[in-house]
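Chains, contacts and geometry: an overview
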Amino acid sequence: MNDLRKGYANTADGQLHYAEAGSGEHLLLLGETPRGYRFFEPILPLLAPHFHVIALDLPGLGNSHELPKPASVPAVAKCVASFFDALGIERAHVFGMHTGNKIAASFAAESPKLVEKLILAGQPHSIIPSKSDRNAALGPAFQRYRAAQKDTHDPQYRLLREWLATKLTLDAGWWPEKILTGAPIDAGLIEAAESKAIDFLLGWRSAIPIYEAVFDFDLAEAVSRIPAPTLILELSPPEEQHLGPQAGHLAALMKQAVTDTIPVTHGAAMENQGAEMARTILSFLGNRNPKYSPAA
């Protein structure tokens, strides 16, 4: 998009990189591991006419400073609070997806005065309230990163295996899923694959510590302390039907939360169903849908 602006916020921990567009009320976007601001390229043009949209490279990802040590979800959430302070943002709507929903939940719990409305989005495995059950569901995704470290004690050999695993993971995402399933080839699909590759190369070193931080995070406890009006947006793909719906379980722990579901036909909802994602975000933030009333 032509009016996308990029910048760095100088915080006590280092520089946080972000992309922004539009004007008006602030809307912060926090994405999945290991994606940066590019993750939100499909919806930025759809949201920018309505809000000042800020897509953040979280610490350890994109062009932002490294992860705090030790890495934890609350520690990263504190970095987000420092980002607000650096840019002089007093209050904003916050959208978080997958890893981003954990960071957003911690941020909204610890810095409630900074959050106007909150959207926590993710596939069922990402929004299971129980930490042990969620970790079990997250396990397969984590293992593709952890496999390179298995039974590896020699530091040089371990580094080599990690680099090889990085290449194999990148290879697996090189061809967009829709192309492999017979969709027409267009520039947008290739650009999406390119964005994924760039983000992966910038953030692969942080993937394991971020996953470990997510495994350690008590999402249920955090959401129970959030006062902001919240939408739990469940992205439901066929391959996760065995987990059952989770949005209602998470919303039941919160002070004022509503739920919605988007059936996902391909795994990459942000790329393949961006227009529907954007409509849902705008509808909740603008109170344009009666079902988003907490009293409903």
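Here the residue index of a chain counts from 1 through its sequence in written order. For this predicted model, a pLDDT threshold of at least 70 governs which residues receive local features, and a threshold of 80 or more governs which side-chain atom pairs are given and counted, while totals over whole chains, interfaces and linings are taken from all residues. To get the side-chain values, take all heavy atoms of the structure and skip hydrogens and water.

**Structural notes on a negative patch on the surface**
Excluding any residue in a salt bridge, patches collect residues exceeding 30% relative accessible area, merging like charges within 9 Å and nonpolar Val, Leu, Ile, Met, Phe, Trp and Tyr side chains within 5 Å. Accessible surface is estimated by sampling points in the Shrake-Rupley manner with a 1.4 Å probe; for residues, cover comes only from the protein chains shown. Counted as salt bridges are all cases of a side-chain nitrogen of Lys or Arg within 4 Å of a carboxyl oxygen of Asp or Glu. Here Asp and Glu are counted as negative and Lys and Arg as positive; His is not counted, and neither are the chain ends. Where a charge lies is defined by one atom per residue type: Lys uses NZ, Arg uses CZ, Asp uses CG and Glu uses CD. Negative charge collects at one region of the surface, where Glu41, Asp186, Glu191 and Glu194 lie side by side. Here the term buried applies to any residue with accessible area under 20% of the maximum for its type, exposed to any over 50%, and partly exposed to those in between, with areas from a 1.4 Å probe on protein chains only. Exposure remark for Glu41: the relative accessible area of 34% places this residue in the partly exposed category.

**Things to note about a nonpolar patch on the surface**
Taken together, Trp174, Trp175 and Leu180 make up a surface patch of nonpolar side chains, about 410 Å² in accessible area. Helix and strand definitions follow DSSP, with helices as H or I runs of at least four residues and strands as E runs of at least two, each counted in order from the N terminus. Mapping Trp174 onto the fold places it in helix α5 (residues 155–174).

**Some points on α5**
The end-to-end C-alpha distance of α5 is 28 Å, a good match for the 28 Å that 20 residues give at a rise of 1.5 Å each. Here α5 has its buried residues at Glu162, Ala165, Thr166, Thr169 and Leu170. Buried residues of α5, viewed axially, fall in a sector of 135°; they line one side. Seen from the open side of α5, the exposed residues pointing more than 90 degrees away from its buried face are Gln156, Leu160 and Leu168. To estimate the expected span of a helix, count its residues, drop one, and scale the result by 1.5 Å. This arc corresponds to the set of directions leading from the helix axis out to the C-beta atoms.

**Structural notes on the packing of aromatic side chains**
Paired rings are identified among Phe, Tyr and Trp, the last through its six-membered ring, by centres lying within 6.5 Å, and are further divided according to the angle between planes into stacked (under 30 degrees), edge-to-face (over 60) and tilted (the rest). Going through the model one piece at a time under the given rule, you end up with 5 aromatic pairs. Residues Phe39 and Phe40 carry aromatic rings whose centres are separated by 4.9 Å and whose planes lie at 75° to one another, so their mutual orientation is edge-to-face. Here Phe39 and Phe40 have matching classes, each one buried. An angle of 50° between the planes, with centres 5.4 Å apart, marks the rings of Trp163 and Trp204 as tilted. Here the residue Trp163 occupies a position in helix α5, and Trp204 occupies one in helix α7 (residues 187–216), the gap between them amounting to 41 residues. Each member of the aromatic cluster is reached from another via a ring pair, and the members are Phe39, Phe40 and Phe95.

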